[in-house]
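Commentary on secondary and tertiary structure
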Amino acid sequence: MAATIISGKDVSAEIREELKERAARLKEKGHAPGLAVVLVGEDPASVSYVTAKGKAAEEIGIFETTIRMPGDSSEEEILRQVDDLNRDDRYDGFLVQLPLPRYVNAGKVINLISPDKDVDGFHPVNVGKMLRGEPCPLPCTPYGVVQLLVRGGYGPDGKHVVVCGRSNIVGKPLAAMLIQKRKGANATVTVCHTATPDLRRFTLQADILVAAMGVPRAIKADMVPDGCVVIDVGVNRVPDAAAAKGFRLVGDVDFEPIKEKASAITPVPGGVGPMTVTMLMMNTIEAAERKAGLIS
Ligand code: GUN
């Protein structure tokens, strides 16, 4: 039987309705939530992500500013912008869209962001808190994966989750979130990566398989056990002369054959993608609520 499609659009819409109410409550109390997004250069994928973030903020009632900096901005100029935003009370949170130009030390930029305003959850202080299970902004894409599972009715508690990919943005933080001792986590987690021999031996043991390698259609049907829940984090642009933009998006999962085997699967686009933006909005609202003293 074909898999249930887990819609990131539907789960996102549900969360965004909740966030609209929280934004309205903050405004009533005189704490309008604010978000700034710094974009350096004009990488097309980054422009598209940043545009989606601005639209989502507007829809929810978050005051948003996109700060566009030239592609040849120096590290010092970017650090100065971060410093300005740390001090600017209009913004409860901000982020610097990655990747940055090669000559910029992204670690140095992230380290300068005030942990209270770090709505990406990338600052080492927040990474440490996440690992220890303390309240903190959680990195948006893995946070979105967890919300998709929990709200989609595929809670990870007691399940074996196999994560393919060990990036700082997805694989590592997702594993850290899923092993926490609390409801909506409590998973047994295996993390596979480029140095894993015989990947299939591990993926075949998954109750929940998360593909986050950034390699188009790397997960094939013979790597997926019957009845598995498959979450595809991949967003890969592949050339397509028939498409208006000259490319189309494919995930890290070979979707068509796998949907005949899995019990549930996320599509690309329309799966994890919208969740990433929604969780950024969640982190912004939470940062505003914390600043307003509404939550600890
Ligand atoms: N580039 C790709 N994903 C992300 C993200 O979640 N945050 C930022 N700042 N840049 C990204």
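Attention here is on the structure that accompanies the text. Model, not experiment: these values are computed from the prediction.

Contact geometry of helix α6 (residues 140–151) with helix α10 (residues 272–291) gives a least axis separation of 8 Å together with a crossing angle of 105 degrees. Taken together, the axes of α6 and α10 are roughly perpendicular relative to one another. Mapping the contact onto sequence places Cys 140, Thr 141, Tyr 143, Gly 144, Val 145, Gln 147 and Leu 148 in α6 and Val 272, Met 275, Thr 276, Met 279, Leu 280, Met 282, Asn 283 and Glu 286 in α10. Residue classes in the contact of α6 with α10 are distributed as nine nonpolar, five polar and one charged.

Read from one edge to the other, the open sheet built from six strands follows the order β1-β11-β8-β7-β5-β6, with strand pairing classed as parallel. The open sheet is flanked by β1 (4–5) and β6 (188–192), the only strands paired with a single partner. Here four bridges tie strand β5 (residues 160–164) to strand β7 (residues 208–211), and the two strands are oriented parallel to one another. Directly across from Val 163, in β7, lies its bridge partner Val 210.

Scanning all chains against the criterion turns up one cavity of 30 Å³ or more. If you trace the largest cavity, you find it lined by Phe 94, Leu 95, Val 96, Leu 98, Ile 110, Ile 113, Asp 118, Asp 120 and Phe 122. In terms of residue count, strand β4 (residues 93–96) provides more of the lining of the largest cavity than any other element does, three residues in total. Partitioning the lining of the largest cavity into residue classes produces seven nonpolar, no polar and two charged.

Using the criterion set out here, one finds 17 salt bridges in the structure. Notably, a salt bridge pairs Glu 76 with Arg 80, separated by 3.4 Å at the nearest N-O pair. With Glu 76 and Arg 80 both in helix α3 (residues 75–87), this residue pair falls four residues apart, about one helical turn. Here Arg 132 and Glu 134 are joined by a salt bridge, their closest N and O atoms 2.8 Å apart. The exposure class assigned to Arg 132 is exposed, which follows from its relative accessible area of 66%. We classify Glu 134 as partly exposed; its relative accessible area is 31%. Here the residues in one salt-bridge network are Glu 14, Glu 18 and Arg 151, joined through shared partners.

Attention shifts here to the nonpolar core. Within the largest apolar cluster, 51 residues are counted, with the highest numbers of intra-cluster contacts made by Val 145, Val 210, Ile 231, Val 233 and Met 281. If you tally residues by element for this core, the top one is α10, at ten residues. The contacts of Ile 231, once residues within four sequence positions are left out, are Ile 6, Val 145, Leu 149, Ile 208, Leu 209, Val 210, Ala 211, Thr 266 and Val 272.

With that settled, consider the packing of helix α1 (residues 8–28) against α10. With their axes 9 Å apart at the nearest point, α1 and α10 run at an angle of 20 degrees to one another. The angle between α1 and α10 falls in the class roughly parallel. Taken as a pair, α1 and α10 cross one another with a handedness that is left-handed. Residues Gly 8, Lys 9, Val 11, Ser 12, Ile 15, Arg 16, Leu 19, Arg 22, Ala 23 and Leu 26 of α1 lie in contact with α10, whose contacting residues are Pro 274, Met 275, Val 277, Thr 278, Met 279, Met 281, Met 282, Ile 285, Glu 286, Ala 288 and Glu 289. A breakdown of the residues in the contact of α1 with α10 according to their chemical character gives 13 nonpolar, three polar and five charged.

A separate point is the site of the ligand. Near the ligand the following residues occur: Leu 95, Val 96, Gln 97, Leu 98, Asp 120 and Phe 122. Val 96 places a polar main-chain atom, nitrogen or oxygen, 2.9 Å from a nitrogen atom of the ligand. Here the ligand loses 84% of its free accessible area of 280 Å² to cover by the protein chains.

Moving on, we get to α6. Compared with an ideal rise of 1.5 Å per residue, which puts twelve residues at 16 Å, α6 spans 16 Å between its outermost C-alpha atoms and is within 8% of the ideal. Residues of α6 that are buried include every one of Cys 140, Thr 141, Pro 142, Tyr 143, Gly 144, Val 145, Val 146, Gln 147, Leu 148 and Leu 149, and no others. Here the buried face of α6 lies against α1, α7 (171–178), β7, β8 (229–232) and α10. Gly 153 sits one or two positions beyond α6 and adopts a positive phi of about 90 degrees.

Definitions and limits used
- Residues numbered from 1 in each chain as written.
- Predicted model: local features only at pLDDT ≥ 70, side-chain atom pairs only at ≥ 80, totals over all residues.
- Heavy atoms only, no water.
- Axes fitted to C-alpha atoms, helices over the stretch in contact; angles between N-to-C directions.
- Helix = DSSP H or I, 4+ residues; strand = E, 2+ residues; numbered from the N terminus.
- Parallel < 35°, antiparallel > 145°, perpendicular 65-115°, else oblique.
- Contact = heavy atoms within 4.5 Å.
- Nonpolar A, V, L, I, M, F, W, Y, C, P; charged D, E, K, R; others polar.
- Pairing = 2+ DSSP bridges.
- 1 Å grid on protein atoms, 1.4 Å probe; cavity = no way out; pocket = protein on both sides within 12 Å on 5 of 7 lines; lining within 4 Å.
- Points joined across faces, edges and corners; volume = space filled by probe spheres on them.
- Salt bridge = Lys/Arg side-chain N within 4 Å of Asp/Glu carboxyl O.
- Buried < 20%, exposed > 50% of the residue type's maximum accessible area, 1.4 Å probe, protein only.
- Core = buried A, V, L, I, M, F, W, Y, C linked by side-chain atoms within 4.5 Å.
- Left-handed = near helix turned anticlockwise from the far one by under 90°.
- Near = heavy atom within 4 Å.
- Polar contact = N/O pair within 3.5 Å; in protein donor to acceptor, adjacent residues only side chain to side chain.
- Areas by Shrake-Rupley, 256 points an atom, 1.4 Å probe, with all protein chains shown as cover.
- Expected span 1.5 Å × (residues − 1).

Scope: geometric values only; no functional claims are made or implied.
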